[in-house]
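Results of the structural survey
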Amino acid sequence: PRSEVRASLMPRRPQMMSRIGKAVDPRRALRRLLPYLQPFRGKLAVTFACTLAYILLGLMGPYLMGLTIDTAIANKDPRGLATLSLLLLGAYLSNNILHAMASWIMAQVSQRALKNLRGDLFEHLQELPLAFFDRNPAGELMSRLTNDIDAVNQAVSQNVITLFASLLSMLGIVITMFVLNPWLALGTLVVMPILFWFTQFVARYTRKGFRELQKQLGHLNGTMEEALSGGKVVKAFRRNDSVIESFRRHNQAVFQAGVYANSYAMLLMPITGVLGNFFVIVLSSLGGYLALQGLVSVGIIAAFINYGQNFMGPLRQIANIYNSIQAALAGAERVFEILDAPAESPDEPGIAPLKEVDGHIKLESVQFEYLPGQPIITDMTLEARTGQTVALVGPTGAGKTTIVNLLGRFYDLQSGRITIDGQDIRSLPRTEMRRKLGIVLQDTFLFADTVMENIRYGRLEATDEEVIHAAELADADHFIRQLPQGYKTILTERAGNLSQGQRQMLSIARAILADPVILVLDEATSSVDTRTEARIQKALLRLMEGRTSFVIAHRLSTIREADNVVVIDNGRIVEQGTHQQLLAQRGFYHRLYISQFKGQEI
């Protein structure tokens, strides 16, 4: 199955890249986010209508307060005071109700949009080629699925309406000020250019800081994931101190990036506070002078001071959410980098459905390289007839597992071709072709589910009886029934409650259940003891009967009965023939065999 291959079928070669690159265009990230909100245009329209309404009601407050001073209080009118006070109460009460409604609707919209974004990201990850996962550590990808999505979530669900309302409120306040008294409004606008210049200055460094913070969080997650996944290895080789030191180093990098980003972001709050006080001073001084000249009333001055304070409120809100918005944009950039990564090359247009497969396989002048200029397979020609067992033998890094990768089209070769029953595999539907291919890996992967469901993963429509029969063929039934709940036993993460040999036997049972036409055994019995290996070998011989099989093994005793033993070195076939024929040649294979069984040096 594809997910098992992605988790376990890792080619033995250097990584191509160390990290995913970083996007640098926040406007593009914002434009990419908008389509996720488009399906909810109706609810968004209601949200913005509620927002507009409560902003207008909020603007009425200071005006009604000034009107109360100039009319009801100045004229000592109790009835007018009561009426204006009730209007003021109604305006503020309606303001809060509409604000709550807008926030509730936006929370629903944002969560649905982010659910779709998260789903698209995960689904796209399933469609990416193995090369992508070779380049990018699991912890880094998990950071994209968690930290970056969460950063977008906080900004969209909590701060979009706040930002919109703040900008709208500031615009409304400025317009209202000019309507009430243009001269007093012009005098108060002296502060605004200073404030906007400072905000733009800080924005550049804040966004840079939060992008670096998200990057360092990805590195830290990768370090933690490796340490937790490889806990046994860490303890076995007494590397606790080095793991802790690596964590501290990355944790320090996160700390420094966080201090840098938040230091610039937090500068906005105290500065807006100072400018807010300066705003009030300008209003009071200029308003007092105009009042002495008889050009403005006391109520208008009070309204302007109230509007000035209300103007600084949205600015403080923008300053408060600015870091969240910057983190969201940086996170969105990183999410869309993955969504922009090219998926596996699609099947050719008009490709015909795959017919019955006999399993006659040919490699014709195959050339392949993971990195440009570093060939792994060189001009390889190989044939496996229907029902034959082909053993691939050679030193580590010779290219044996790469052949399996190419056969399953987990990578596409540079030149030459691979055919199944005379058809180029690039002209066959990839999914259907892989369904005919069964793979048993050295490092098996089992899910945190029941034993029954882990075996059934090979063929989801299989009945319980078929699952049990597959386990019997893999010689796994006896130990499964001894588990606390038998086939219903829940496996822990990575099947830590089973031995390595038991995990391998379940993987073999899964391959048996899949009933493939072409079988690949990549060191399938290397993790079991000799006695268990003998039992599994009998099951594998029954499984391989009538199927084209490729066996990769370092234990040469496991491939003596192969129809063709192919010896590979440095990506080339150096010898091939039966076990006895190759021993008689006294060449490369003979030296491997002697060194393994007689202890002689090569």
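Quick note: structure is the one above.
So, about the overall build of the protein chain. In terms of helices and strands, the protein chain carries 20 helices and ten strands. Residue pairs in contact within the protein chain that sit at least 24 positions apart in sequence constitute 78% of those at least 6 positions apart.

Take helix α12 (residues 400–407) next. Most of α12 sits out of view: eight of its eight residues are buried. By the burial criterion, the buried members of α12 are Lys 400, Thr 401, Thr 402, Ile 403, Val 404, Asn 405, Leu 406 and Leu 407. Just downstream of α12 lies Arg 409, where phi reads positive at about 55°.

With that settled, the discussion passes to the sheet that holds strand β3 (residues 389–393). Read from one edge of the open sheet, six strands run β6-β7-β8-β3-β9-β10, paired in mixed fashion. Looking at which strands have only one partner, the edges of the open sheet turn out to be β6 (437–440) and β10 (572–577). With strand direction ignored, the average angle separating the axes of adjacent strands in the sheet is 20°. Across four bridges, β3 lies against strand β9 (residues 564–569) in parallel orientation. Following the sheet pairing, Leu 392 is matched in β9 by Val 566.

This next bit is on the sheet that holds strand β2 (residues 374–384). The strand order across the open sheet built from four strands is β2-β1-β4-β5, with neighbouring strands paired in antiparallel fashion. The two strands at the open ends of the sheet, each matched to only one other strand, are β2 and β5 (423–424). Sheet topology note: the strand β4 (residues 415–420)/β5 ladder contains two bridges and is antiparallel. Bridge pairing in β5 places Ile 420 opposite Gln 423. Contacts from α12 reach β1 (361–371), β2 and β4 within the one sheet, and its direction differs from that of β1 by about 110°.

On to the packing of aromatic side chains, then. Each aromatic ring pair is described using two quantities: the centre-to-centre distance and the angle formed by the ring planes. Under the defined criterion, the tally for this structure stands at seven aromatic pairs. The interplanar angle of 40° and the centroid separation of 4.8 Å between the aromatic rings of Phe 447 and Tyr 457 together place this pair among those described as tilted. One end of the pair, Phe 447, is in the loop between β6 and α14 (451–456); the other, Tyr 457, is in the loop between α14 and α15 (464–473), and ten residues separate them in sequence. Grouped by ring-pair contacts, the aromatic residues Phe 368, Tyr 370 and Tyr 411 constitute a single cluster.

For the rest of this paragraph, the subject is the nonpolar core. Core analysis: the largest hydrophobic core is formed by 56 residues, its most contacted members being Leu 117 and Phe 311. Ranked by the residues each element gives to this core, the list is headed by helix α11 (residues 298–340), at 14 residues. Each residue touching Leu 117, except ones within four places of it in the same chain, is listed here: Leu 33, Tyr 36, Ile 149, Val 335, Phe 336 and Leu 339. Within the second largest apolar cluster, 43 residues are counted, among which are Val 451, Met 452, Met 505 and Leu 583.

To continue, consider helix α17 (residues 500–514). Its 15 residues give α17 an end-to-end C-alpha distance of 21 Å, which sits within 8% of 21 Å, the value for a rise of 1.5 Å per residue. Burial analysis of α17 places twelve of its 15 residues in the buried class, the great majority of the element. Taken residue by residue, α17 has Gly 501, Arg 503, Gln 504, Met 505, Leu 506, Ser 507, Ile 508, Ala 509, Arg 510, Ala 511, Ile 512 and Leu 513 as its buried positions.

Bringing the pattern of salt bridges into the picture now. Tallying each qualifying case throughout the model produces twelve salt bridges. The partner of Glu 364 in a salt bridge is Arg 417, with the nearest N and O atoms 3.0 Å apart. One end of the pair, Glu 364, is in strand β1; the other, Arg 417, is in strand β4, and 53 residues separate them in sequence. Of the residues examined, Arg 417 reaches a relative accessible area of 31% and is grouped as partly exposed.

Quick look at empty space enclosed by the protein now. Following the criterion strictly, the structure yields two cavities of 30 Å³ or more and no others. By volume, the largest cavity amounts to about 70 Å³. Forming the walls of the largest cavity are ten residues, and the residues nearest its centre are Ile 420, Met 433, Lys 436, Leu 437 and Ile 518. Here the residues of the lining of the largest cavity sort into eight nonpolar, one polar and one charged.

With respect to the helices and strands, Ala 113 occurs in helix α4 (residues 78–127). Accessibility expressed as a relative area gives 5% for Ala 113, which makes it buried. Ala 113 sits 76 residues away from Leu 37 along the chain, and the two C-alpha atoms are 5.9 Å apart. Beyond its immediate chain neighbours, meaning those up to four positions away, Ala 113 contacts Tyr 36, Leu 37 and Phe 40.

This part is about unusual backbone geometry. Even without a glycine there, the phi angle at Asp 421 is positive, about 55°. Relative to the helices and strands, Asp 421 resides in the loop between β4 and β5. In this model, Asn 570 sits at a positive phi of 55°, which is unusual for a non-glycine residue. Here Asn 570 shows up in the loop between β9 and β10.

This part is about the pairing of β2. Each regular strand carries side chains that alternate between the two faces of the sheet. With seven bridges connecting them, β1 and β2 associate as antiparallel partners. The residue of β2 that forms the bridge with Glu 369 is Pro 375. Between the end of β1 and the start of β2, which pair antiparallel, lie two residues, with Gly 373 showing a positive phi angle near 80°.

With that settled, the discussion passes to the pairing of strand β8 (residues 548–552). In terms of burial, β8 is a largely internal element, five of the five residues being buried. Burial of β8 is two-sided: the residues Thr 548, Phe 550 and Ile 552 facing one way and the residues Ser 549 and Val 551 facing the other way are all buried. Sheet topology note: the β3/β8 ladder contains four bridges and is parallel. Bridged to Val 390 within β8 is Phe 550. Bridging between strand β7 (residues 518–522) and β8 involves five bridges; their strand directions are parallel. Paired with Leu 521 across the two strands is Val 551, which belongs to β8.

This part takes up the packing of α15 against α17. Where α15 contacts α17, the axes come no closer than 8 Å and their chain directions differ by 125°. The pairing of α15 with α17 is recorded here as oblique in orientation. In terms of crossing hand, the pair formed by α15 and α17 is right-handed. Each of Glu 466, Val 467, Ala 470, Ala 471 and Leu 473 in α15 lies in contact with α17, whose residues at this interface are Ala 509, Ile 512 and Leu 513. Considered class by class, the residues forming the contact of α15 with α17 number seven nonpolar, no polar and one charged.

Calculation rules
- Residues numbered from 1 in each chain as written.
- Predicted model: local features only at pLDDT ≥ 70, side-chain atom pairs only at ≥ 80, totals over all residues.
- Heavy atoms only, no water.
- Helix = DSSP H or I, 4+ residues; strand = E, 2+ residues; numbered from the N terminus.
- Contact = heavy atoms within 4.5 Å.
- Buried < 20%, exposed > 50% of the residue type's maximum accessible area, 1.4 Å probe, protein only.
- Pairing = 2+ DSSP bridges.
- Axes fitted to C-alpha atoms, helices over the stretch in contact; angles between N-to-C directions.
- Phe/Tyr/Trp six-rings, centres within 6.5 Å; stacked < 30°, edge-to-face > 60°.
- Core = buried A, V, L, I, M, F, W, Y, C linked by side-chain atoms within 4.5 Å.
- Expected span 1.5 Å × (residues − 1).
- Salt bridge = Lys/Arg side-chain N within 4 Å of Asp/Glu carboxyl O.
- 1 Å grid on protein atoms, 1.4 Å probe; cavity = no way out; pocket = protein on both sides within 12 Å on 5 of 7 lines; lining within 4 Å.
- Points joined across faces, edges and corners; volume = space filled by probe spheres on them.
- Nonpolar A, V, L, I, M, F, W, Y, C, P; charged D, E, K, R; others polar.
- Parallel < 35°, antiparallel > 145°, perpendicular 65-115°, else oblique.
- Left-handed = near helix turned anticlockwise from the far one by under 90°.

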